[in-house]
Structures are given as C-alpha cells and as structure tokens.
Amino acid sequence: TSMHLDIHGVPMCPRSFNTDTINMGLAYIARPDDVFIVTMPRSGTTWMETIVYSILQNGRAFNEDFKDFTARTPFLEQHGGQGIVNMRRPGSIKTHLPLSIIPQHSQAKYIYVVRNPKDMCTSFYKFIKTMPGVTHSDVPFDTYFDLFIAGRANYGDYFDHVLDAWSHKDEPNVLFIVYEDMKKDIRSVIRRLAKFLNVDLTDEILERIVQVTSFDYMKKAEYNKHLSEESAGHLFETRTVVRKGEVGDWRTLMSEEQSRRMDARFKQTMEHIPELFTLWDEYNVF
Ligand code: A3P
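Residues numbered from 1 in each chain as written. Predicted model: local features only at pLDDT ≥ 70, side-chain atom pairs only at ≥ 80, totals over all residues. Heavy atoms only, no water.

Residues in contact with the ligand amount to 18 residues; listed here are only the nearest, Thr45, Thr46, Ser123, Lys244 and Gly245. Between the ligand and threonine 213 there is a distance of 3.0 Å, counted from a nitrogen atom to a backbone nitrogen or oxygen. Between the ligand and the protein, one listed contact pairs an oxygen atom with a backbone N or O atom of lysine 244 at 2.6 Å. Considered on its own, the ligand offers 570 Å² of accessible surface; in the complex 97% of this is hidden by protein. Residue assignment for the shell around the ligand shows that the elements contributing at least two residues are α2 (45–56) and α11 (215–219). A class-by-class count of the residues in the shell around the ligand yields six nonpolar, eight polar and four charged. (Near = heavy atom within 4 Å. Polar contact = N/O pair within 3.5 Å; in protein donor to acceptor, adjacent residues only side chain to side chain. Areas by Shrake-Rupley, 256 points an atom, 1.4 Å probe, with all protein chains shown as cover. Helix = DSSP H or I, 4+ residues; strand = E, 2+ residues; numbered from the N terminus. Nonpolar A, V, L, I, M, F, W, Y, C, P; charged D, E, K, R; others polar.)

A few words on the packing of aromatic side chains. Enumeration over the complete set of coordinates arrives at 24 aromatic pairs. Measuring from centroid to centroid gives 5.0 Å for tyrosine 158 and phenylalanine 159, while their planes differ by 80°, and the two rings are edge-to-face. The exposure class assigned to tyrosine 158 is buried, which follows from its relative accessible area of 1%. Ring-pair connections join several aromatic residues into one group, and the members of that group are Phe124, Tyr125, Phe141, Tyr144, Phe145, Phe148, Tyr158 and Phe159. The aromatic ring of phenylalanine 127 is capped on one face by arginine 42, whose charged end is 4.2 Å from the ring centroid. Sitting over the ring of tryptophan 250, lysine 118 keeps its end group 4.3 Å from the ring centre. (Phe/Tyr/Trp six-rings, centres within 6.5 Å; stacked < 30°, edge-to-face > 60°. Buried < 20%, exposed > 50% of the residue type's maximum accessible area, 1.4 Å probe, protein only. Lys NZ or Arg CZ within 6 Å of the ring centre and 35° of its normal.)

Function cannot be read off these values alone, since they describe shape.
In structure tokens form, the structure reads like this:
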C-alpha cells in the first residue's frame, strides 16, 4: 500500500495527485462569479457537474461539445490554480477537499453534495479497485472499511467532511444537496439549483436538463468513457464514473457487522444534529 499525501491533514493518493498542484489550487483567489461543487468522492459529483453545466448553458448537454464541457469544469486538485484561472466561464470548479479549506469569496457559490456514507464508501472502494496503484486499491474491503471508519481512507474522514459543510449550510451562498433526494425528485433539485444560480428555467429547458443528465443518458458507453477520462486526467484506463447509481448498493459489500458499525459511527457524530441525523430516514440506510 502506497503512502498518502497530507493536505492540511487530509490524506490524498500520491498516484492521482501532487502536493504542488493542490496547493496552487488552494491558493487560487476566488471570484464572485465562481461556482464550487464540493463533495466527498463518489457522491454524485459528476452528475452535479453535468446539471450545473446544463443550467448555465440553457439546456445544453455535456456531450454536445465535450471540449466545452471540459473547459468549464476544472478539478481543483488536478488542474490547480492555473486550471481554474483558465476555465471557460460560466463554469464550475469541482473539489473533494473540505469546504472550509477551499478558496473563499462571500459572493462565490458553493454547492455541497452529500451521499449516505455506506454507499459512498462502497462506491469508492469499487472505484479504486479498478485503478491499480491508487492508495488502498490493493487491500480487501474489510481493511478498507476499517480505514474508512477511522477516517484514514482517501480524502479523510467522511463525517468531518460533512459536518464541516453542514456548519456552513445556512450561509446564503451555500447550497446543501442530498444525492438520494436527487434520485427521488431531480426536478425539484434542478429548480433549487437554478434559483441558487439565478437562472430562470422554462419548463421545456427543465425537461431537457432532466433528460440529458439522467442516469441512462450519462451511462451511454462513449459518454461515460469521456466523463471517466476527464475526471482522472487519463491516468487510468478501466475506471467507470457512471456505474450503478442506486441507493443501497452497500448491501453488496458490507457485512451486517460493518453496517452496524457505520450506524454507530453515524449516531455518535450526527445524533446531536437532528436535521442531519434524519436526512436518510426515508431511504432505509441506517
Ligand atoms: P455508484 O458507484 O454507486 O454507481 P462521482 O461523480 O462523485 O464520482 O459519483 C459517482 C457515483 O454517482 C456513482 O455511484 C455513479 O453511478 C453515480 N452517478 C453518476 N451519474 C449519475 C446519474 N445521472 N444518476 C444517478 N447516479 C449517478
């Protein structure tokens, strides 16, 4: 198992990232017209990127012009400060770093997407399994699970990441979105996003956005391949960003005992915040 990079205490995979690029990304001076998409990995980041792109481009699909999509969706950790400075605007900046440590501007917009930790952990493990050389890609799930619970997997502690974002969620320039709510009612999420981004959507454009960001649309082989390459800088051949897109896939990997340990960790860290603690009540997660 290779070592981690340490970015402000957040463990990062050295095969995928380098410290200088990340630090230059963090040193980027945010602007009022910036839109940041902040997530733990495998929480629906790419889905959110395609939706924001379509909202800002009047219903345009991400695959109509892949170059344009790429130019408008830099990844802070991979493209650094220069990548953001050079981005085509309007666009959005993707990052998996905690909300509190990324570039701040009181008028910039921050969209945080959270996914339940059981599916996030499962999806991420299945993902790194396809990327030889990535930190922990070579360990069995049981070991990975222990690291995840201990906050020592890639990108650090899930619970710290979510609590950090949650502490900002009432700020007017922060929008907190739940992946499972996107699965349940994407139209209302898109409406909330459009309002947050100050874009008026006609019903027709709304329906078009729903269509071109749907799981089936994004899953189409050639689009998926492109999305996968874009998000990894062509480092890996086999990875698939758009995979299954379901709530509850954790049941394919997690034992009863592991599930209970996650329940306990969730309870221990979130119980004192009822709004967070009940977030997944209707989705049969905990
Ligand atoms: P699974 O591995 O559970 O299938 P990210 O972009 O942050 O890496 O997130 C990837 C996860 O989002 C994957 O989860 C992927 O299938 C899911 N996803 C991607 N596009 C989606 C869509 N249009 N609808 C639902 N889920 C989607």
